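If you want the building blocks of each chain, they are given just below.
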Amino acid sequence: MTAGGFDALVPVTDPDALREQEQAGAALADAVRELLDATVRTRLDPAQLHAAIPAVREVTESLLADAADGPRGLEPSSDGRMRVHGNPMVGALNPFAPPLRIDWDGERAATRFTVGAAYEGPPGCLHGGIAAAVLDQVLGVIPSSIGLPAMTATLDLRYRRPTPLGELSATAWLVERDGWKLRLEGELTDAEGEVTVSATGLFVVPRVAREHLGTPTGDAGEFAPPAG
Ligand SMILES: CCCCC/C=C\C/C=C\C/C=C\C/C=C\CCCC(=O)SCCNC(=O)CCNC(=O)[C@H](O)C(C)(C)COP(=O)(O)OP(=O)(O)OC[C@H]1O[C@@H](n2cnc3c(N)ncnc32)[C@H](O)[C@@H]1OP(=O)(O)O
């Protein structure tokens with residue numbers, strides 16, 4: 001990802017060790033993403049499917065030997081930015097995330113990504129809820145990148161044509177700012193360049209974030225914790 005529009009960062013004690021941890025976690029997520037895709041696509045017979053389960057469970061048990069009790073929440077990254085690593089769209093540690101890698105320059109955000117069998121809704125096409133999640137995330141990056149971390153208050157979608165699975169892109173842009181409210185628009189586009197879904201969103205800086213303004217991170221919708 002590119003840097004955000006401002007550079008408020010949190011101090012990281014040992015960035016090299018943290019980077020190594022992040023890279024290993026992301027590599028594991030990549031491998032599990034392949035497993036997810038294979039699980040959906042496999043045509044092995046019932047006995048072969050049952051035979052695969054113990055090995056998968058063994059890996060799960062090994063990972064749970066040292067795991068958080070619940071969601072990870074906001075954590076500092078090796079680059080000093082706060083991130084939700086479990087985010088289902090951009091989280092580096094989440095195998096369900098495509099993952100999106102969103103570039104932004106303040107008032108515009110864009111991503112190219114690939115979706116396969118695990119995201120299928122209508123046959124051969126992207127599930128509409130996933131399209132909504134992608135657009136929610138891409139629109140949601142912009143408020144943070146201009147220092148106004150905001151939550152989705154409304155998200156209106158127009159599904160213009162089916163979105164084929166495969167390579168896609170999404171873009172979003174700021175239309176208007178009115179105090180703590182931001183109006184954003186965006187589009188999901190297929191590999192042929194056809195717009196398949198268009199979105200309009202109202203994002204509102206929540207009261208809790210208003211108290212923390214001045215310490216946003218500029219990253220994918222996260223904000224820094226309160227000082228002290
Ligand atoms: C558990 C705590 C979490 C705290 C997180 C804090 C900050 C995080 C910020 C960014 C990071 C978040 C996510 C990552 C980025 C992208 C991922 C995609 C985004 C999401 O996935 S995000 C999850 C889905 N999202 C929600 O889960 C929101 C649930 N909801 C609420 O949390 C409140 O509802 C909220 C915050 C929307 C407003 O509440 P509030 O109390 O802060 O603000 P308030 O009511 O004062 O409204 C101020 C002005 O906005 C107007 N306004 C409000 N809502 C409106 C609406 N729906 N339509 C038209 N106008 C609306 C009012 O009319 C007033 O307008 P005016 O000033 O002109 O009178």
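If you're wondering where the values come from, they're calculated on a predicted model, not measured in any experiment. (Residues numbered from 1 in each chain as written. Predicted model: local features only at pLDDT ≥ 70, side-chain atom pairs only at ≥ 80, totals over all residues.)

### Some details on the overall build of the chain
Looking only at helices and strands, the chain features four helices and eight strands. Classification of the 228 residues of the chain by burial places 30% in the buried group. Taking all contacts inside the chain whose residues are at least 6 apart in sequence as the whole, residues at least 24 apart take part in 66%. (Helix = DSSP H or I, 4+ residues; strand = E, 2+ residues; numbered from the N terminus. Buried ≥ 20, exposed ≤ 12 C-beta atoms within 10 Å, placed from the backbone. Contact = placed C-beta atoms within 7 Å.)

### Brief notes about helix α3 (residues 128-145)
End to end, α3 covers 26 Å across 18 residues, agreeing with the expected 26 Å (1.5 Å per residue, within 8%). Where α3 ends, the next residue or the one after it, glycine 147, has phi of about 85 degrees, a positive value. (Expected span 1.5 Å × (residues − 1).)

### A few points about the sheet that holds strand β4 (residues 108-115)
By way of backbone hydrogen bonds, the strands of a sheet pair with one another, either parallel or antiparallel. Strand order across the open sheet formed by six strands is β3-β4-β6-β7-β8-β5, with antiparallel pairing between neighbours. The strands lining the two open edges of the sheet, one partner per strand, are β3 (103-104) and β5 (151-159). When strand β7 (residues 181-189) meets strand β8 (residues 195-204), the two strands line up antiparallel, connected through nine bridges. If you follow leucine 184 over to β8, its bridge partner there is glycine 201. (Pairing = 2+ DSSP bridges.)

### Regarding the pairing of β4
Pairing analysis gives two bridges linking β3 to β4, with the strands arranged antiparallel. Note that in β4 the partner of tryptophan 104 across the bridge is alanine 109. As paired elements, β4 and strand β6 (residues 166-178) share eight bridges and run antiparallel to each other. Each residue of the ladder has a partner; that of alanine 110, found in β6, is threonine 171.

### Structural notes on the UniProt feature "domain: Thioesterase" (unreviewed entry) in the chain
Per the UniProt record, "domain: Thioesterase" (unreviewed entry) is found at residues 124-195. Between the C-alpha atoms that bound residues 124-195 the distance is 17 Å, and the span itself is 25% helix and 44% strand. (UniProt positions renumbered as here; feature names shortened; annotations may be inferred.)

### Let's talk about unusual backbone geometry
Cis geometry marks the peptide bond from proline 98 to proline 99, where omega comes out at -15 degrees. Here proline 99 is to be found in the loop between β2 (82-84) and β3.

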